[in-house]
Amino acid sequence: MSQEKIVGIKRELESDLKDNTHCFHCGSDFEEIIVKAYAHRFCCEGCKTVFEILDENGLGNYYGMEDNPGNKILSKIGNKYSFLDSPEVESGLLDFNDGGVSSVKFYVPKIHCSSCIWLLENMHRLEKGIVKSTVNFLKKEVYVVFNDEILSLREVVELMVSIGYEPNISLNDYKKEAGKTEDRSPYYKLGVAGFAFGNIMLLSFPEYFDTNGYLNDNFRKLFGYLNLFLATPVLLYSASDYFVSAFKALKRKYLNIDFPISVGILALFGRSSYEIISQSGAGFMDSFTMFVFLLLVGKWYQNRTYQALSFERDYKSYFPLAVIKVWEGREEPIPVGDLKVDDIVILRNQEIVPTDAELLSETAQIDYSFVTGESEPISKIQGEKIYAGGRQVGASIRIKVKKVVSQSYLTRLWNQDTFAKEGSHFQSVVDKVSKYFTLFVLIISISTLLFWLPEGHSLAFKIFTSVLIIACPCALALTLPFAFGNTMTIFGRNRFYLKNAEAVEKMDRIDTLVFDKTGTLTQTGNEEVLFVGEKLNTQEQALVYSLVAHSTHPLSKTIYQFLEGNTSQKVTAFKEVPSQGLEAKVNDCLIRIGSASFTHYLGALNSDLSSRVFVNINQVNRGYFLIKKQYREGISELITRFKKEGYQIHLISGDNASELDNLKQYFPEGHLHFDQSPEDKMNYVKTLQKMGAKVLMVGDGLNDAGALKQADVGLAVSDDVYSFTPACDAILDAENFTQLNSFLSFSKRTIKVVRISFGISLFYNTLGMVFAIQGVVTPLFAAILMPISSITVVGFITLAIRYCARQKNL
Amino acid sequence: MSVIFILVGFSLLVALFFLGSFIWAVKDGQYDDDYTPSVRMLFDDDDFKSDRTKKTKSHQKQ
């Protein structure tokens, strides 16, 4: 037995002895049910089954690499995936299908460790029909090639579900553009530029070190032409993006940073080619290729984004791919896109309502938590309208489609064209700087040309191009990519993920924060109820219980549930005072419950974000129920910090105003809005923007999607960043929510660092120009100045940003 | 000195070969996923003995 195996088994035994409270498969803590089998303990039959499947097929290694690597098996498969049998759906999902062999790519959010990779790549040992499966860990994707004569797509998916890796199949995957692969051209461009840069540098050395004039003319010619030959693809291919971008900006009548870059590139290449061809000098080809190479490195550094996160998800990633349609007495799956008005659809437990429809079954319980954030399911009765995005809870229901999918209430939110933030091109700091910089360079270079012209055309032209070359904003152009790249890396470490670098700058300008309540400030789940004061006796409990039973107010319901088990008594003279409380006579006792003023409570209260319901029986204050809405921890401190830092804060909630009293102390008068529809939220943000505010919208659900898109920065808070988040500019892990103010102030610091490094790079450019104007710039001088300025700037940025991050504890 | 012409040409060919290999590697998808292969190479190829077969064997011994 090999040493490794002994260690492996030893470890297994040890962990088995020590670890009696965790499921061997998925690692869940045990509560009650423990399934014991094969010297291991499992939390449920599902986990045990997976263990058996793997063990039987010799895939026990799965448990050897990481402790408890598995995923909990949550539900039976049933015929959930029957829709995959439809040939239409199947062909819409498959990447490739060629008589016998099919391939498909799945997004599997549950991939989380090396064991997952190993198991998913060994699926061929579980099922003969699978030819090959490859995992991309960062993207959480599995690429499966399978023999479609042995296996159907449905069987492949069910196999993955049975071992705990349920692929996420949504409308988004349907009919993707076939063969759409990543754009690899940045790598090619970088490769070509790097290749040319290295070789040209070597070929230029003889010229630089030839101080005694030993260099043979033939060599000089050869090296010159070789340089020209190597540099041409860099100009035409590697640098092409800069020309395109500068040209596009010019057409829209503004100057971006790519304009001075393009001018510099053309000056470098033109002047060098002229010198080489006319044999009048060695040219600056090394500086030229180095410049392009460094620019491309910066671009690459900035664009390393988070591959597994999606910032563009719309309703399509949330909606199912297919639904069961009842047609001529038969049930058959059809793609949701093909649903027509008046089609009859069957929705089973936990299935999503794909479009606005009318309920045909007697009753339904629709859970709109994804749309509104409210966790209580809503009851619907026959004939009522059901809106898209809800989830049926309980028995199967039948609905009649009233609108096609793209026209439903929910999807219209996305299809509004108003989102295309019309023409308002985002003006980056660098664009502003580059505008003045370009003008400055043009003025200096043309005056130099005019000044030297009397000394001869060729000399004047030479000095003119030298100025343009030295003015190349290399360090300036590297500032942003490295500053934002570093900032995004630091954010990512703190589980705050930005969609792109532009978002850092947008965050710097934020002065107004708009919060959604449910799911964002509060955590969806159960409320905690405590009774503060002398404990109520059974009789008193029964009184309160009987009283709240008559009210539909959410707080009443919560107390009702808390006191469940008491006997109900007869209630007379019941009175409900809106937003104050309840009053009634129960068993000849006058009982009042509600707000402090309503019950004449006089005791001192410390303020926090929880609701209180005071109890007054026969004019005696008995204490109060403390109902802690599960606000996320540290929220009140966070909001206080924001206020101290001078941000305007607003709250817009789809909920009713039951929490108004609690929130009033944190949000200023007139900044609290309840009962807001998704459109209201979006319009609210729009109104704030019209008044000149730069808005950061913090939300979580589909109901915030419009507002998130409308806001300058839309930030989605999520307990699981890999699960669905609406389209946004940034995703924040809910655990780090209270650090939001540090993130904002860190972005401001980043922009400060950017400003300083602009200063440094402009200093270098000016210094170089002082020499260029006098006509003393040589290729060697340029070849040294450019890397020195770039290294200083990049080094400064990296150190400064890391330092700021440490100061902010990020 | 003319040998330098040949050497320069030769060095360029070598460099071109490396550029070609780089492009080939990118095209092959090596830069699409720069994490998973680092994990994959650590997997053992040999099969892990089933827990149950181990047990039955030890029973047989007894």
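Residues numbered from 1 in each chain as written. Chains lettered and ligands numbered in written order. Predicted model: local features only at pLDDT ≥ 70, side-chain atom pairs only at ≥ 80, totals over all residues.

## Description of the overall build of chain A
When its secondary structure is counted, chain A shows 27 helices and 28 strands. Looking at chain A as a whole, 40% of its 810 residues qualify as buried. Counted over contacts in chain A with a minimum sequence separation of 6, partners at least 24 positions apart contribute 65%. (Helix = DSSP H or I, 4+ residues; strand = E, 2+ residues; numbered from the N terminus. Buried ≥ 20, exposed ≤ 12 C-beta atoms within 10 Å, placed from the backbone. Contact = placed C-beta atoms within 7 Å.)

## Digging into the overall build of chain B
Each helix and strand counted, chain B has 3 helices and 0 strands in total. Along chain B, helices (α) and strands (β) appear in the sequence α-α-α when read from the amino end.

## Points about the interface of chain B and chain A
Taken together, the contacts link 22 residues of chain B with 23 residues of chain A. Put simply, the parts of the chain that give the side of chain B that touches chain A at least two residues each are helix 1 (3-27), helix 2 (36-40) and helix 3 (51-61) of chain B. Of the residues belonging to the side of chain B that touches chain A, the class tally is 13 nonpolar, 2 polar and 7 charged. (Nonpolar A, V, L, I, M, F, W, Y, C, P; charged D, E, K, R; others polar.)

## Digging into unusual backbone geometry
Residues and elements named next belong to chain A. Positive phi, normally seen in glycine, also occurs at R495, with a value near 55°. Mapped onto the elements, R495 comes out in the loop between helix 17 (474-493) and strand 16 (496-498). Classification of R495 as partly exposed rests on a count of 16 C-beta atoms within 10 Å. A positive phi angle, near 55°, is found at N587, a position not held by glycine. Along the chain, the position of N587 falls in the loop between strand 20 (581-586) and strand 21 (589-594).

## Description of the packing of helix 9 (residues 240-251) of chain A against helix 10 (residues 258-277) of chain A
When two helices pack together, their arrangement is captured by the angle between the axes and the distance separating the axes. All names here are of chain A. Close contact between helix 9 and helix 10 brings their axes to 8 Å; oriented N to C, the two are set at 130°. Taken as axis vectors, helix 9 and helix 10 run oblique relative to one another. Between helix 9 and helix 10 lies a crossing whose hand is left-handed. Residues Y242, F243, S245, A246, A249 and L250 of helix 9 lie in contact with helix 10, whose contacting residues are D258, F259, I261, S262 and I265. Its residues assigned to classes, the contact of helix 9 with helix 10 shows 8 nonpolar, 2 polar and 1 charged. (Axes fitted to C-alpha atoms, helices over the stretch in contact; angles between N-to-C directions. Parallel < 35°, antiparallel > 145°, perpendicular 65-115°, else oblique. Left-handed = near helix turned anticlockwise from the far one by under 90°.)

## Observations concerning the sheet that holds strand 6 (residues 141-147) of chain A
Residue and element names in this part refer to chain A. An order of 3-4-6-5 is seen for the 4 strands of this open sheet, with the pairing classed as antiparallel. Both outer strands of the open sheet, strand 3 (96-98) and strand 5 (130-136), are each paired with one neighbouring strand and no more. Averaged over all neighbouring strand pairs, the angle between strand axes comes to 15°, with direction disregarded. Where strand 5 and strand 6 come together, 6 bridges link them in antiparallel fashion. Looking at strand 6, one finds that I130 is bridged to F146. Against the sheet, helix 5 (residues 114-121) makes contact with strand 5 and strand 6, and its axis sits at roughly 160° relative to strand 5, the strand it touches most. (Pairing = 2+ DSSP bridges.)

## Quick word on the domain arrangement of chain A
Residue and element names in this part refer to chain A. When the domains of chain A are assigned, the result is domain 1 (3-65), domain 2 (82-169), domain 3 (185-305 + 426-483 + 775-807), domain 4 (315-418), domain 5 (493-524 + 632-748) and domain 6 (528-628). Of the residues lining the interface, 8 residues belong to domain 1; the matching set on domain 2 comes to 10 residues. Listed by contribution, the elements that provide at least two residues to the side of domain 1 that touches domain 2 are helix 2 (45-56) and helix 3 (62-65). (Domains from an automatic or database assignment.)

## Some details on the sheet that holds strand 12 (residues 378-381) of chain A
Residue and element names in this part refer to chain A. Taken in spatial order, the 3 strands of this open sheet run 12-11-14, and their pairing is antiparallel. The two strands at the open ends of the sheet, each matched to only one other strand, are strand 12 and strand 14 (391-392). Direction of pairing for strand 11 (residues 363-367) relative to strand 12: antiparallel, over a ladder of 4 bridges. Paired with Q365 across the bridge in strand 12 is S379.

## Quick notes on the environment of Q665(A)
In this structure, Q665(A) sits in the loop between helix 23 (660-664) and strand 25 (672-673). Given 12 C-beta atoms within 10 Å, Q665(A) falls into the exposed group.

## Notes on helix 17 of chain A
Residue and element names in this part refer to chain A. Its 20 residues place the ends of helix 17 29 Å apart at the C-alpha level, agreeing with the 28 Å of an ideal helix rising 1.5 Å per residue. Summarising burial for helix 17: 17 of the 20 residues are buried, a large majority. Immediately beyond the C-terminal end of helix 17, within one or two residues, lies R495, with a positive phi of roughly 55°. (Expected span 1.5 Å × (residues − 1).)

## Overview of the nonpolar core
Residues and elements named next belong to chain A. In this structure, I265, F291, V292, M697, L715 and A730 are the most contacted members of the largest nonpolar core, which totals 185 residues. The greatest single-element share of this core, amounting to 12 residues, is contributed by helix 17. The residues contacting I265, other than those within four sequence positions of it, are L235, A239, Y242, F288, F291 and V292. Counting residues in hydrophobic clusters, the runner-up holds 18 residues, among them A584, I593, F614 and Y624. (Core = buried A, V, L, I, M, F, W, Y, C linked by C-beta atoms within 7 Å.)

## With respect to the pairing of strand 24 (residues 648-652) of chain A
All names here are of chain A. With 5 bridges joining them, strand 17 (residues 512-516) and strand 24 adopt parallel strand pairing. Bridge assignment links F515 to a residue of strand 24, and that residue is L651. Where strand 24 lies against strand 25, 2 bridges are found, and the strand directions are parallel. Paired with I652 across the two strands is H673, which belongs to strand 25.

## Quick notes on the environment of L498(A)
Tracing the chain through its elements places L498(A) in strand 16. Taking the C-alpha atoms as reference points, L498(A) and L309(A), separated by 189 residues in sequence, lie 9.7 Å from one another.

## Structural notes on helix 6 (residues 153-162) of chain A
Residue and element names in this part refer to chain A. Those residues of helix 6 that fall on the buried side of the exposure criterion are L153, V156, V157 and M160. For helix 6, the angular spread of buried residues about the axis comes to 95°, placing them on one side. Buried-residue contacts for helix 6 involve helix 4 (87-93), strand 4 (101-107) and strand 6. In the segment just after helix 6, G164 is the residue with positive phi, at about 95°. (Arc of directions from axis to C-beta.)

## Considerations on the confidence of the model for chain A
Residues and elements named next belong to chain A. Of all residues in chain A, 88% have pLDDT values of 70 or greater, and the mean over the chain is 81. Ranking the elements of chain A by mean pLDDT puts helix 1 (residues 3-18) last, at 48, and strand 26 (residues 695-699) first, at 92. Taken as a whole, residues 6-11 scores under 50 in pLDDT and shows 2 contacts with residues more than four places along the chain or in a different chain. This stretch, residues 420-424, has a pLDDT under 50; its non-local contacts, to residues over four places away or in other chains, come to 0 contacts. (pLDDT = per-residue confidence, 0-100.)

## Concerning the confidence of the model for chain B
Residues and elements named next belong to chain B. Of the residues in chain B, 68% have a pLDDT of 70 or more, and the chain-wide mean is 75. Within chain B, helix 1 carries the highest mean pLDDT (92), whereas helix 3 carries the lowest (42). Confidence over residues 48-62 falls short of pLDDT 50; this stretch has 14 contacts with residues more than four positions distant or in other chains. In the predicted assembly, ipTM is 0.77 and pTM is 0.75.

## Here we look at the packing of helix 15 (residues 429-452) of chain A against helix 26 (residues 740-774) of chain A
All names here are of chain A. For the pair helix 15 and helix 26, the least separation of the axes is 12 Å and the interaxial angle reads 10°. Taken together, the axes of helix 15 and helix 26 lie roughly parallel to each other. Residues V429, V433, I444 and T448 of helix 15 touch helix 26, and the partners they reach there are I751, V754, F758, M769 and I773. Grouping the constituent residues of the contact of helix 15 with helix 26 by class yields 8 nonpolar, 1 polar and no charged.

## Things to note about the environment of S114(A)
On the secondary structure map, S114(A) appears in helix 5. Leave out the neighbours within four places in its chain, and S114(A) touches M65(A), E66(A) and V39(B).

## Considering the pairing of strand 21 of chain A
Put simply, side chains in a regular strand alternate between the two faces of the sheet. Residues and elements named next belong to chain A. Here 6 bridges tie strand 20 to strand 21, and the two strands are oriented antiparallel to one another. In the sheet register, L582 faces strand 21, and the bridge partner there is I593. In this structure, the hairpin formed by strand 20 and strand 21 is closed by a connection of 2 residues, where N587 is found at a positive phi of approximately 55°.

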